[in-house]
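# Descriptive structure summary
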Amino acid sequence: MRIIQITDQHVGKEEDQPHGVDVRHNFQRLCRRIAVLRPDHLVITGDLCLENGDSEVYRWIKEEVDQLDIPYEVLSGNHDNPCLLADVFGVTADMKGQELYYCRTWEGERFLFLDTTPGSLSSRQLDWVESHLRSGEGRCRVLFMHHPPVIAGVPHMDSKYPLQARYREALELIFAKAREPVRVFCGHYHHARTIEESYGTVFISPSSYVQINPYVEHFQPEHTTPGFRVIEVQGDQLRTSVHFMVD
Ligand SMILES: [Fe+2]
């Protein structure tokens with residue numbers, strides 16, 4: 001099973017070109033690459049919008065992704081509005097209160113999709129994650145979420161925009177009690193990084209918009225080549241690689 005993860009599109013109004021990047025054009029290029037790779041699933045892990053949740057942006061992205069004819073899942077990031085997003089993408093059945101989190105079963109394995117929009121998770125959602133990771137009904141080792149559940153050594157993001165500490169700690173306790181090592185795929189940091197933890201591995205994926213210099217405290221673009229991640233799950237083996245759209 002091949003999964004492609006894309007994240008942090010930050011699509012704005014048609015005329016917007018933040019940091020000189022034509023994000024809509026980048027997204028269309030990315031879709032053309034995905035069409036060639038033909039994954040079994042596409043996962044969009046949040047921050048579809050440039051600043052704030054915008055139905056017009058969600059509709060534009062949905063039209064582009066629908067053309068791929070590939071099953072896909074969408075998460076909400078801190079620059080999204082989960083209610084608007086669920087409404088446009090037709091997944092309101094997956095809303096629990098104001099949060100959009102859900103489980104999908106692919107080839108007998110459960111995959112979890114979390115909602116960390118405000119930089120936090122409700123206790124109801126944390127309980128839900130725990131019950132899935134401890135359940136013996138089919139395998140559950142892969143989670144997708146927008147924020148990394150850890151401090152990642154990227155000073156600009158760690159100091160200003162991390163998942164709030166109490167929720168990192170809550171997730172760490174939950175992950176530690178999982179039936180097997182967890183693999184968390186996230187975005188938000190605009191940088192590709194792999195972090196080994198005692199409970200498993202956190203994979204941070206690059207943005208479709210701009211990559212951030214991971215070694216300075218202030219915001220500094222490293223480059224604006226869009227990236228994406230491929231995840232291949234085959235039995236016990238999980239392979240993953242990061243790619244950039246270098247023409
Ligand atoms: Fe974000």
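Nothing here was measured: the structure is a model prediction, and the numbers come from that model.

## Some words on helix H2 (residues 55-66)
Between its first and last C-alpha atoms H2 spans 16 Å; for twelve residues at 1.5 Å apiece the expected length is 16 Å, and the two agree. When we look at burial in H2, the residues that qualify are Val57, Tyr58, Trp60, Ile61, Glu64 and Val65. All buried residues of H2 lie within an arc of 160 degrees about the axis, which places them on one face of the element. Residues of H2 that are buried sit in contact with helix H1 (23-37), strand S2 (41-45), strand S3 (72-75) and helix H3 (82-89). Sitting at the head of H2, Asp54 places a side-chain oxygen 2.8 Å from the backbone nitrogen of Glu56.

## Observations regarding the sheet that holds strand S1 (residues 2-6)
Judged by pairing direction, the sheet is mixed, and its five strands sit side by side in the order S3-S2-S1-S14-S15 without closing on themselves. Of all the strands in the sheet, just S3 and strand S15 (237-244) have a single pairing partner and so form its edges. Neighbour-to-neighbour, the strand axes of the sheet open up by a mean angle of 20 degrees, direction not taken into account.

## What to know about the nonpolar core
Counting residues in hydrophobic clusters, the biggest one holds 44 residues, and the most contacted among them are Ile3, Ile6, Leu42, Ile61 and Phe144. Ranked by the residues each element gives to this core, the list is headed by H2, at five residues. Every residue in contact with Ile3, bar those within four places of it in the chain, is listed here: Pro39, His41, Val43, Trp106, Phe111, Phe144, Arg229, Val230, Ile231 and Val233. In this structure, Cys140, Met145, Ile174 and Tyr189 belong to the second largest nonpolar core, which totals 30 residues.

## Topic: the pairing of strand S14 (residues 227-234)
Counting buried residues along S14, six of its eight residues qualify, which places the element largely inside the surrounding structure. As judged from the four bridges shared by S1 and S14, these two strands associate in the antiparallel manner. Bridging from a neighbouring strand, Ile4 pairs with Val230 of S14. Bridging between S14 and S15 involves eight bridges; their strand directions are antiparallel. Paired with Val233 across the bridge in S15 is Leu238. Hairpin connection, S14 to S15: the antiparallel pair is bridged by two residues, and Gly235 has positive phi, about 60 degrees.

## Comments concerning the pairing of strand S9 (residues 182-186)
The buried count for S9 comes to five of five residues, which makes it a mostly enclosed element. The two faces of S9 match: Val182, Val184 and Cys186 on one face and Arg183 and Phe185 on the other face are all buried. Note that strand S8 (residues 140-144) and S9 share three bridges and pair parallel. Among the inter-strand pairings, Phe144 is bridged to a residue of S9, identified as Phe185. Bridge analysis of S9 against strand S11 (residues 200-204) gives five bridges, and the strand direction is parallel. Looking at S11, one finds that Val182 is bridged to Gly200.

## A closer look at the packing of helix H4 (residues 123-134) against helix H6 (residues 165-176)
It is at 9 Å that the axes of H4 and H6 come closest, and there the two elements cross at 20 degrees. On the basis of the axis angle, H4 is roughly parallel to H6. Remark: the crossing between H4 and H6 carries right-handed chirality. Residues Leu126, Val129, Glu130 and Leu133 of H4 touch H6, and the partners they reach there are Tyr167, Ala170, Leu171, Ile174 and Phe175. Among the residues forming the contact of H4 with H6, the class breakdown is eight nonpolar, no polar and one charged.

## Brief notes about the state of the cysteines
The full count for this structure, using the stated rule, is zero disulfides. Cysteine Cys31 is unpaired, with the sulfur of Cys49 as its nearest cysteine sulfur at 15 Å. Of the cysteine sulfurs around Cys140, a residue in no disulfide, the closest is that of Cys103, at 6.0 Å. Under the relative-accessibility criterion, Cys140 is labelled buried at 6%.

## Observations concerning the pattern of salt bridges
One pass over the structure, following the stated rule, counts twelve salt bridges. Residue Asp94 pairs with Arg104 through a salt bridge whose shortest N-O separation is 2.7 Å. Note that Asp94 is positioned in the loop between H3 and strand S4 (95-96) and Arg104 in strand S6 (residues 102-106), a separation of ten residues in sequence. Of the residues examined, Asp94 reaches a relative accessible area of 14% and is grouped as buried. For the salt bridge of Glu130 with Lys177, the shortest nitrogen-to-oxygen distance reads 3.2 Å. Residue Glu130 is found in helix H4, and its partner Lys177 is found in the loop between H6 and S9; the two are separated by 47 residues along the sequence. The buried category is assigned to Glu130, whose relative accessible area is 19%. What emerges from the salt-bridge pattern is a single network uniting Arg2, Glu232 and Arg239.

Reading the values: the criteria
- Residues numbered from 1 in each chain as written.
- Predicted model: local features only at pLDDT ≥ 70, side-chain atom pairs only at ≥ 80, totals over all residues.
- Heavy atoms only, no water.
- Helix = DSSP H or I, 4+ residues; strand = E, 2+ residues; numbered from the N terminus.
- Expected span 1.5 Å × (residues − 1).
- Buried < 20%, exposed > 50% of the residue type's maximum accessible area, 1.4 Å probe, protein only.
- Arc of directions from axis to C-beta.
- Contact = heavy atoms within 4.5 Å.
- Polar contact = N/O pair within 3.5 Å; in protein donor to acceptor, adjacent residues only side chain to side chain.
- Pairing = 2+ DSSP bridges.
- Axes fitted to C-alpha atoms, helices over the stretch in contact; angles between N-to-C directions.
- Core = buried A, V, L, I, M, F, W, Y, C linked by side-chain atoms within 4.5 Å.
- Parallel < 35°, antiparallel > 145°, perpendicular 65-115°, else oblique.
- Left-handed = near helix turned anticlockwise from the far one by under 90°.
- Nonpolar A, V, L, I, M, F, W, Y, C, P; charged D, E, K, R; others polar.
- Disulfide = S-S within 2.5 Å.
- Salt bridge = Lys/Arg side-chain N within 4 Å of Asp/Glu carboxyl O.

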